[in-house]
Amino acid sequence: MGRLVAVCVALVLMSVKGMAMEFEQFELKNGMDVVVVRDNRVPVVTHSVWYNVGAMDELPGKTGLAHMTEHLMFKGTPRHPAGEMDKLVQRKGGIQNAFTSYDFTAYFQKVPVQELESMMDLESDRMVNLALNDEVFQPERKVVAEERKLTTDSNPQDRFNEKVMRAHYAHHTYGHPIIGWAADIAGYTKDDAVAWYRRHYAPNNATMILVGDVTAEYIRPLAEKYYGKLKPVDVPPRTIDPEPMRSGPLELVAVDAQVKVPSWAVMYRAPSEMAGVAGEKVVAGEATALWVLSEILGGGDTARLYQELVVSKGLADNAYATYDRVRAAEGTFDVMVQPKVGITVDKIGPAVDAVLAKLLKTGVTEAELKKAKTSILADEIYARDDGFTSMYRLGIWLTAGGKVADFDRWQSELRALTVGQVSTVARKYLRADRRTLAVLAGSKAQLGNLRVTE
Ligand SMILES: [Zn+2]
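The shown structure was predicted, so the numbers you read here are calculated from the model rather than taken from an experiment. (Residues numbered from 1 in each chain as written. Predicted model: local features only at pLDDT ≥ 70, side-chain atom pairs only at ≥ 80, totals over all residues.)

Draft legend 1. Up close: the nonpolar core. Formed by 65 residues in total, the largest nonpolar core has its most connected members in W50, A206, M208, I209 and L210. Looking at which element gives the most residues to this core, the answer is helix α14 (residues 387–399), with six residues. Mapped onto the domain boundaries, this core takes at least three residues apiece from domain 1 (21–226) and domain 2 (250–447). Contact partners of L210, with chain neighbours within four places excluded, come to V36, V37, V45, T46, H47 and I219. Counting residues in hydrophobic clusters, the runner-up holds 56 residues, among them A289, L359, V422 and L437. (Core = buried A, V, L, I, M, F, W, Y, C linked by C-beta atoms within 7 Å. Buried ≥ 20, exposed ≤ 12 C-beta atoms within 10 Å, placed from the backbone. Helix = DSSP H or I, 4+ residues; strand = E, 2+ residues; numbered from the N terminus. Domains from an automatic or database assignment. Contact = placed C-beta atoms within 7 Å.)

Draft legend 2. Representation of the packing of helix α10 (residues 286–298) against helix α11 (residues 304–312) in the model. The interhelical angle for the contact between α10 and α11, taken along N-to-C directions, is 25°, at an axis separation of 4 Å. In this view, α10 runs roughly parallel relative to α11, as classed from their interaxial angle. Here I296, L297 and G298 of α10 lie close against α11, whose contacting residues are R304, L305 and Y306. Among the residues forming the contact of α10 with α11, the class breakdown is four nonpolar, one polar and one charged. (Axes fitted to C-alpha atoms, helices over the stretch in contact; angles between N-to-C directions. Parallel < 35°, antiparallel > 145°, perpendicular 65-115°, else oblique. Nonpolar A, V, L, I, M, F, W, Y, C, P; charged D, E, K, R; others polar.)

Draft legend 3. The arrangement of the pairing of strand β1 (residues 23–27) in detail. As defined by bridge partners, β1 adjoins strand β2 (residues 33–38) across five bridges and the pair is classed as antiparallel. Bridge pairing in β2 links Q25 to V35. Counting the residues that bridge the hairpin from β1 to β2 gives five residues, and of these G31 lies at a positive phi of roughly 95°. (Pairing = 2+ DSSP bridges.)

Draft legend 4. Focus on the domain arrangement of the protein. Its domain assignment divides the protein into domain 1 (21–226) and domain 2 (250–447). If you average the C-alpha positions of domain 1 and of domain 2, the two centres end up 29 Å apart. Taken residue by residue, the interface counts 29 residues in domain 1 and 28 residues in domain 2. Listed by contribution, the elements that provide at least two residues to the side of domain 1 that touches domain 2 are β1, β2, β3 (44–51), β5 (105–112), α6 (156–168) and β6 (206–212). Tallied by class, the residues present in the side of domain 1 that touches domain 2 amount to 16 nonpolar, nine polar and four charged.

Draft legend 5. Spatial organisation of the pairing of β2. Strand direction decides the pairing type here: β2 and β6, joined by six bridges, are parallel. Bridge assignment links V37 to a residue of β6, and that residue is V211.

Draft legend 6. Focus on the packing of helix α2 (residues 65–72) against helix α8 (residues 190–200). Close contact between α2 and α8 brings their axes to 10 Å; oriented N to C, the two are set at 85°. The orientation of α2 with respect to α8, classified from their angle, is roughly perpendicular. Residues L65, M68, T69 and L72 of α2 pack against D192, A193, W196 and Y197 of α8. Tallied by class, residues from the contact of α2 with α8 come to six nonpolar, one polar and one charged.

This is the structure:
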């Protein structure tokens, strides 16, 4: 963030009013939602199907099933053998992929417009006709177990992050890894995957999002032909069991000899657009205020954290803040610092705390607010230039529980936002008693006076 501001200011001023994304939306009789975003600059279309199911819906002992099912979706149906979609997409110069997160599982293909119909044929077929047996399931389960070994298990930061998330979300399912615990991957069966697939893969639990040179008028008959024939199923409503309030801060400090560059981070419990902290009601505008706060505090090299820790004090190579605004359950507001080589990690906490204390005491300035608003708008305009990003942001918004009509609500909130509102959310959520400190270093010497807890 921040980098684009200089070149985009004029663009922002001209385009703010017209920035709202233009959607066309309709629902099929079976309950499947369709959203069409027009972009006629190139004759391609991104066809995506988003299921309202992800790792957060998994039960203890069966973690990773959402991701496992994503793998199985490429294993073919009686009508379309495994690999057919890949070949077709490649032959037409398109791309395809899938992703699993806490709130969703999604599949997409970017293809020339004339290939859209064949994509709908294949995608609607695998929504309900996947051929799942042990010959397909068991080798793929091993692939996933191997994927876990090669990613999380062989990366010290990822291994530590799993522990941090488990501690931070001690109760909520955001505390388990998307890929699943190794013991769960080893233990689940084909029947577990089939049950998951039958329960969650249905037109009434899915949204199709299309971005490209197409209109709803063009899409509707195709959507009806391929997806409209599928029967809705009884999908259990998503339960969001809030993470209870805890009595004090959490601290995880670990040493791992494989770590080359130490990391310092704090996670503050924060509301998302959809859910308040510990089940509290969402307060309108707070998420937008937290977004602006993350920009002022740590949105780039002119933000407060970078200026203080990197530029003035020379303690770090990087310092920034991030805020996950769109989630089905509560989110986090994170501050992350990469200490400079030769600086012990114990120097970081007091320096960050000083930046925060000043902000909580005197609030933010009008100039900072104005700059943050401009920067956020510039980033959004730039991001929307890309069809894939538009599709992705809309998908995460809808699967987190947002409505299409509210997708751009933040823009009016942003325009009206005051310095007082930013200071209010800072004081309300950047609370030491609600934070999780996570420090990982390569040796005890790198930690300085910090004591290992793990
Ligand atoms: Zn995978």
